[in-house]
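Summary of the model geometry
As a plain string of letters, each chain reads:
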Amino acid sequence: METPISMASLLLLFSSFLFFLESTKAGASTTAGSIAFTTLGRSRYSFDIFSLSIASQSDSISLSQETQLTDGVSVNFNGFFPSSNSLLYVSERNGSHHLLLDLLPSIEQVPLTPHSVFADSGKTHFDITPNLDSVSMKDRPSLSGENLIYVSTHEPSSSPRKSWAGVYSTHISNLNTIRLTPDDVADFSPAVSPSGYWTAVASLSVWSGEVEELNTDLYLFRTSDGSQRNFIEHHAGWPCWSDDSTLYFHRRDESGWWGVYKAVLSITGDAISLISVDRITPTGFHAFTPAASPGLPGVVAIATRRPDSEYRHVELVDLRNKGKYSYIEVTRNVKPFSHHYNPFLSPDGSRIGYHRCRGSSNGNPPLLFENLKSIAPKEFSLFRFDGSYPSFSPDGNHIAFVGLPGVYVANTDGTGSIKEILSGNAFPTAWDWKREGVIYTSYGPDFASERTRVDIISIYIGNNDNEPVIKRLTTGGENNAFPSPSPDGKWIVFRSGRSGHKNLYIMDSMKGESTGLYQLTEGPWTDTMCSWSPDGEWIAFSSDRENPGGGSFAIYMVHPNGTGLRRVVHSGEGGRANHPAFSPDSKKLVFTSDYAGVSAEPISNPHHYQPYGDIFTINIDGSGIRRLTHNSYEDGTPAWTKFFLEPKDVSESLKGSAYCGFDDCHWLNIAANHNEIDGKSC
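Summarised in this report is the structure supplied together with it. (Residues numbered from 1 in each chain as written. Predicted model: local features only at pLDDT ≥ 70, side-chain atom pairs only at ≥ 80, totals over all residues. Heavy atoms only, no water.)

**Describing the pairing of strand β16 (residues 217-222)**
Inspection of the sheet shows strand β15 (residues 198-204) paired to β16 by six bridges, in the antiparallel sense. Within the sheet, the bridge partner assigned to alanine 200 lies in β16 and is leucine 220. Bridge count for β16 against strand β17 (residues 230-233) is three bridges, and the pairing is antiparallel. The partner of leucine 218 across the bridge, within β17, is glutamate 233. (Pairing = 2+ DSSP bridges. Helix = DSSP H or I, 4+ residues; strand = E, 2+ residues; numbered from the N terminus.)

**A word on the side chain of threonine 38**
Within the secondary structure, threonine 38 sits in strand β1 (residues 34-39). We classify threonine 38 as buried; its relative accessible area is 11%. Of the polar contacts made by the side chain of threonine 38, one reaches the backbone oxygen of glycine 387; its length is 2.9 Å. Excluding residues that lie within four positions of it along the chain, threonine 38 makes contacts with Phe385, Gly387, Ser388, Glu634, Asp635, Gly636 and Thr637. (Buried < 20%, exposed > 50% of the residue type's maximum accessible area, 1.4 Å probe, protein only. Polar contact = N/O pair within 3.5 Å; in protein donor to acceptor, adjacent residues only side chain to side chain. Contact = heavy atoms within 4.5 Å.)

**Regarding the packing of aromatic side chains**
For any two aromatic rings, the description comes down to two numbers: the centre-to-centre distance and the angle of the planes. Across all of its chains, the model carries 27 aromatic pairs by this definition. Considering the side-chain rings of tyrosine 219 and phenylalanine 231, the 5.6 Å spacing of their centres and the 70° angle between planes classify their relative orientation as edge-to-face. With tyrosine 219 in strand β16 and phenylalanine 231 in strand β17, this pair connects stretches of sequence that are twelve residues apart. Judged by its relative accessible area of 22%, tyrosine 219 is partly exposed. Residue phenylalanine 231 is classed as partly exposed on the basis of its relative accessible area, which comes to 37%. Counting every residue linked through ring pairs, the aromatic cluster contains Tyr45, Phe47, Tyr341, Tyr633 and Phe662. The ring of tryptophan 238 has arginine 140 sitting right over it, with the charged end atom 3.8 Å from the ring centre. (Phe/Tyr/Trp six-rings, centres within 6.5 Å; stacked < 30°, edge-to-face > 60°. Lys NZ or Arg CZ within 6 Å of the ring centre and 35° of its normal.)

What follows is the structure in structure tokens.
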């Protein structure tokens, strides 16, 4: 077994690490303009890490009361116990991902360097985030001796639609960082063996757009340098070690049930062979994201979705009685109506941890605007917005958005109340550039066929004392959607399925199609999500015209008179680039895309229809693509205003019931007869 590094040594090393990071921080910059986008459910996560103590006898296991370990303010998740009295975890705070080390209250007191730590609620915290890039995702951290092992997305892949996720090692004393994952390969969910010699990963060389299970393969490599990379097993994810020759992992079987498997290895020096693979959880319920510990042999922690509960819970599986495995509920008796994610165990087996939504216990409301670190602070501030399809008013003082259902308007500075201006389902929103208080949207079901009744409407909210005035602008009713007004306020471009295909049309912004239509694009494909440039020269849109019906969308631009059609960006074969919006100077586009692939195993997160969307910008000539967001969520529907919003969080006032208003993955739902898995797609 590897000799653990002493806590005093850790503190000394982290002191120098933190001092280095503070000394390399960039200075402030002047900024102009702002981008806002939505992330499905993210504003409701409010994740904290919780723990219970484990008392294990030869034939029984008992658990203590639940204890909250993290700050109750940030979004804290994917924990790791370096020891029974310390916690390493991911925290989304101050606009970016951080890797934090907490010394838990029961730790023996040791001398601390004053500039390197700060106290908070009886704990001592260290920010040990490697200084690799101003913006990137950091995930699944662990400590191996003096090395921090983690996933990062700071290095771009060589081609579109390849994941940027790789496993890295940073020495916490000299800060040297090396990539352990080969180039053009994505590694997720790293787990270091008890000896520290080997790291197991779920690896992906080719991603074909999967949104439920990635069909990763299990590989091992030397933790020190990534060498001696060995293939172990196809179709395996989320590995963990119970000893240096025993791994557990999850996979989904042919019938759709997720299960946990045990792999026994033979390791002699650098020679590795697989002896056996056995399933340890039965069908009839889902079991996934396993965790094990050398201090608790024969016991595995798992997350489950069972037929008699709509919630994800954590359980312990006691494998010590070979004739009959027993299951010990960990979270269901503590918090039965909450989802619990990604369990982990301390090295001595005395603690089990996981993360869940903390609810409204801290009294802090969800954020209307969550400030994120911008890669180009001189160009724009960047915000995650709590609502779909946001759009800024021409004066920058208001923002319209949809709640699916409902259309709402809020002040961008967070003052006042959020006002509903339309009930029922509508999407997206766009403000008239000339007529104050006029918002366009499409009223009807989203993601519908060409012949579905959906109409473009205008909503006048100019007089706040009166009810909004609604006017229908299309009469065909055949999936008329995504209105975008011209900058002179005279015209609207929109998509319609009236020809049997979704193409683009232009109509009068006040009189609608009653005065006639101009068909801008025509063909047996889908042109959609259109946006008129502020200078009036271009209309950008998303289209599958290169492979109609194939599911792949690229972004194109065309002049309003139908000339100059050109493709701006394509996310590789089968890829998606959607929801383009112009920069205020009309020289760039912001959009959402799978251009950077997927960044984590989707089952480790709550529900996302497409767990791969990130926000990008690109010059309108197709050059200079830049990734703005790095996470494992679904970011989408961006908007860009010329007005600069101060890079700070803006809260909203909501009832406590909304704090944890997100779903678990829909494809984990088990049908009422308990024998079938719901076919919904996450």
